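Examination of the molecular architecture
Below, each chain spelled out in residue letters.
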Amino acid sequence: MHLDPLIVLSAILFGGIAAQWLAWRTRLPAILFLLALGIVAGPVTGVLDPDALFGELLFPGVSLAVAVILFEGALTLRFKDIRGLADVVTKLVTIGALITWAVVSAAAHFIVGLETGLALLFGALVVVTGPTVIVPMLRTVRPTEAVASTLRWEGIVIDPLGALLAVLVFQAVAAGYAEGAGGSVPITFLTTVAAGTAIGWVAGRGLAVALRRHALPEYLHNAVTLAVVAAVFTLSDTLRHESGLLAVTVMGMTMANTRDAPIDDILDFKESLSLLLISVLFVTLAARLDPDRLQALGPSAFLLLLVVMFVARPLAVFVSAFRSKLSLSERALVAWIGPRGIVAAAVSAAFALRLEELGVEEGTVLVPLTFVVIMGTVIVQGLTARPLASLLGITEPEPRGLLVVGAHPLARRIARALQDSGYRVVMADANWESVSEARMAGLSTFYGSPVSEAADRHLDLVGIGRLLALSPSPQLNALACHRYAPEFGGGRVYWMEVGGDNAQRSSRAISRHPGTRLFGEGVNWQKLAAMAASDAEIRRTKLTDAFDFEAWLSKHQEAIPLFALTPEGRLRFFQKELPFEPGPGWTIVSLAPPRAEQEAAAEAEAAPA
């Protein structure tokens, strides 16, 4: 079927983003919908033929896209984060990765029949378990904090490290095919690694220093970084074939570990760009899958998948977790959850195209084999992980914690009151000073936007089941409610009205988003923030038969009731639309103007024990 290339390109872009939205709505990994869309558009209907559509630009385009994806992943790898990891995670991304590589490579060689070099390359490709597939699965499974933290950190760290391993193995394999003589392969490999490392380090260090010294205007940071990534990849690959991906990976790691380099805005931009590239890339790559080649793999591909899931992963986990604090049940669940995702598919496609250029026909089997592992692990483990966690008895109870959007003084007081009431609180804010103050106050924090891709990757929501949108930005509050309502439920998402000059715009923005408006009539962010700035204090008052809620309202007319705790410890927020009246035994937590020391002492003395 022949369609106008403009229509096809637009359809790829729109379909890819639609798949991402559908994944968000269903809380399933986006890779499933992207692969399904590509397979339907390509092998099933024949609407999309990437080779005919892109022609000679296919390989350069895929290579550049993979370069940007690897750079973005490496940009998140800070060595100080690795040093702080638990022992079991450190072993998983080192010893465990090597075990997985060895077992899968052997299986690919003896079961599928791949020659040694390609088998080693395939083993390196499927080492990576990325956060893009792990995080959605964890939110559905809701395992214990130990399991969730182990899997989440493993996915984050193994993403760039596994990609680096795959790139190094590919360079060694490609060097052998390119040179055709065994004696020159080690020299070619070493020079390729040296060239990629040197060019990547110089470029990363130079750009980081330029950003730190404000040699570039802020509005050019993202554009210049993207241009430098493309230039570094092209220059390194031109000077030394197959060194480009290594160069951009080293460049990202260098920038991430350069002190005081302002890369947060760049990371946000690269995450958005990577999302777009991944969407287009996956649809395009899935459309190139050859059903005949998949069929030709036959039972061997299925046997290889079984080895990955039932031999390589459990062996790597149980060796890595030996003598760790993880229980046997927790180790079993970690061993079962190991889906492959974005990096494996993208890098395998780039490698397969390059091997085709080198005349290695057998290299084309890398993509279908990798996709079999991806689809098998995501579908099978995604469907069975929750029942297995319940069977093993290691699922978290109904989440009691709260995610608070904003870490300003008012939000910190409310969060501290909630934490003192026995509820876990995580505060998210893009203002570093506010986040630092929250950390000093003993509150858990996330530095960054709660609606960003970084939050999806790094924000720990284990035990979190409610949202408090307390930001002074009505737009951010609305976005946060839209983002977390499908996950927490519309009845567990709360927002605070923002008044002042933005009242009308705020009203329009929040009237259409899900959730419940906090506090009473006329109570907005400006009023409470002004009270917090005037040293207003958090007060706790326990109601009795003699001192009921009406009496409390009469005595504390200037206080703003925030939330109440039932005698059983259940949390209820005060709200205009759904009012309730606390009874005896309830505790009222309010924000009230400061009072004289004598008044406070007298009330404390009169309060019932």
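The structure displayed is predicted, hence computed values, not measured ones. (Residues numbered from 1 in each chain as written. Predicted model: local features only at pLDDT ≥ 70, side-chain atom pairs only at ≥ 80, totals over all residues. Heavy atoms only, no water.)

**Quick look at the sheet that holds strand 8 (residues 560-565)**
- Taken together, four strands build an open sheet; the order of strands is 7-10-8-9 and the sheet is antiparallel. The open sheet terminates on both sides in strands that have one partner only, identified here as strand 7 (537-542) and strand 9 (571-573). Direction aside, the axes of adjacent strands within the sheet are offset by 25° on average.
- Strand direction decides the pairing type here: strand 8 and strand 9, joined by three bridges, are antiparallel. What sits directly across from F563, in strand 9, is F573.
- Packing of helix 19 (residues 409-420) onto the sheet brings it into contact with strand 7, strand 8, strand 9 and strand 10 (587-592), and relative to strand 7 it is tilted by some 35°. (Pairing = 2+ DSSP bridges. Helix = DSSP H or I, 4+ residues; strand = E, 2+ residues; numbered from the N terminus. Axes fitted to C-alpha atoms, helices over the stretch in contact; angles between N-to-C directions. Contact = heavy atoms within 4.5 Å.)

**Here's the deal with the packing of helix 7 (residues 116-125) against helix 18 (residues 366-392)**
- The N-to-C vectors of helix 7 and helix 18 enclose an angle of 35°; their axes lie 11 Å apart at closest approach. As for the relative orientation of helix 7 and helix 18, their crossing is right-handed in sense. When helix 7 is examined against helix 18, the residues L118, L121, F122 and L125 are found in contact with a partner set consisting of L366, L369, T370 and V373. (Left-handed = near helix turned anticlockwise from the far one by under 90°.)

**Comments concerning a nonpolar patch on the surface**
- The grouping of F110, I111, F302 and L303 at the surface amounts to a nonpolar patch, some 440 Å² of accessible area in total.
- Among the elements of the structure, helix 6 (87-112) and helix 15 (299-320) are those that each provide at least two residues to the nonpolar patch.
- In this structure, L303 sits in helix 15. (Patch = residues over 30% accessible without salt bridge, like charges linked within 9 Å, V, L, I, M, F, W, Y side chains within 5 Å. Areas by Shrake-Rupley, 256 points an atom, 1.4 Å probe, with all protein chains shown as cover. Salt bridge = Lys/Arg side-chain N within 4 Å of Asp/Glu carboxyl O.)

**A look at the pattern of salt bridges**
- Across all of its chains, the model carries six salt bridges by this definition.
- A salt bridge links R313 to E154, with the nearest nitrogen and oxygen atoms 2.8 Å apart. Residue R313 is found in helix 15, and its partner E154 is found in helix 9 (residues 145-179); the two are separated by 159 residues along the sequence. The burial state of R313 is the same as that of E154; both residues are buried.
- The shortest N-O distance in the salt bridge between D420 and R416 comes to 3.5 Å. Pair noted here: D420 and R416 are both in helix 19, with a separation of four residues, about one helical turn. (Buried < 20%, exposed > 50% of the residue type's maximum accessible area, 1.4 Å probe, protein only.)

**Let's talk about the packing of helix 11 (residues 221-239) against helix 12 (residues 244-256)**
- Relative orientation of the contacting elements helix 11 and helix 12 amounts to 140°, with a least axis distance of 7 Å. Comparing their axes, helix 12 and helix 11 come out oblique. Relative to helix 12, helix 11 is oriented so that their crossing is right-handed. Mapping the contact onto sequence places V228, V229, V232, F233, S236 and D237 in helix 11 and G244, L245, A247, V248 and M251 in helix 12.
- Classifying every residue of the contact of helix 11 with helix 12 by side-chain character gives eight nonpolar, two polar and one charged. (Parallel < 35°, antiparallel > 145°, perpendicular 65-115°, else oblique. Nonpolar A, V, L, I, M, F, W, Y, C, P; charged D, E, K, R; others polar.)

**Here we look at the sheet that holds strand 6 (residues 516-517)**
- A sheet is described by the order of its strands in space; here six strands give the open sequence 3-2-1-4-5-6, paired in parallel fashion. Strands with a single pairing partner mark the edges of an open sheet, and in this sheet they are strand 3 (444-447) and strand 6.
- In this structure, strand 1 (residues 401-405) lies alongside strand 4 (residues 464-469), joined through five bridges in parallel fashion. The partner of V405 across the bridge, within strand 4, is A469.
- Contacts from helix 20 (residues 432-440) reach strand 2 (425-429) and strand 3 within the one sheet, and its direction differs from that of strand 3 by about 165°.
- Contacting strand 1, strand 4 and strand 5 (493-495), helix 22 (residues 474-488) runs over the sheet at an angle of about 165° to strand 4.

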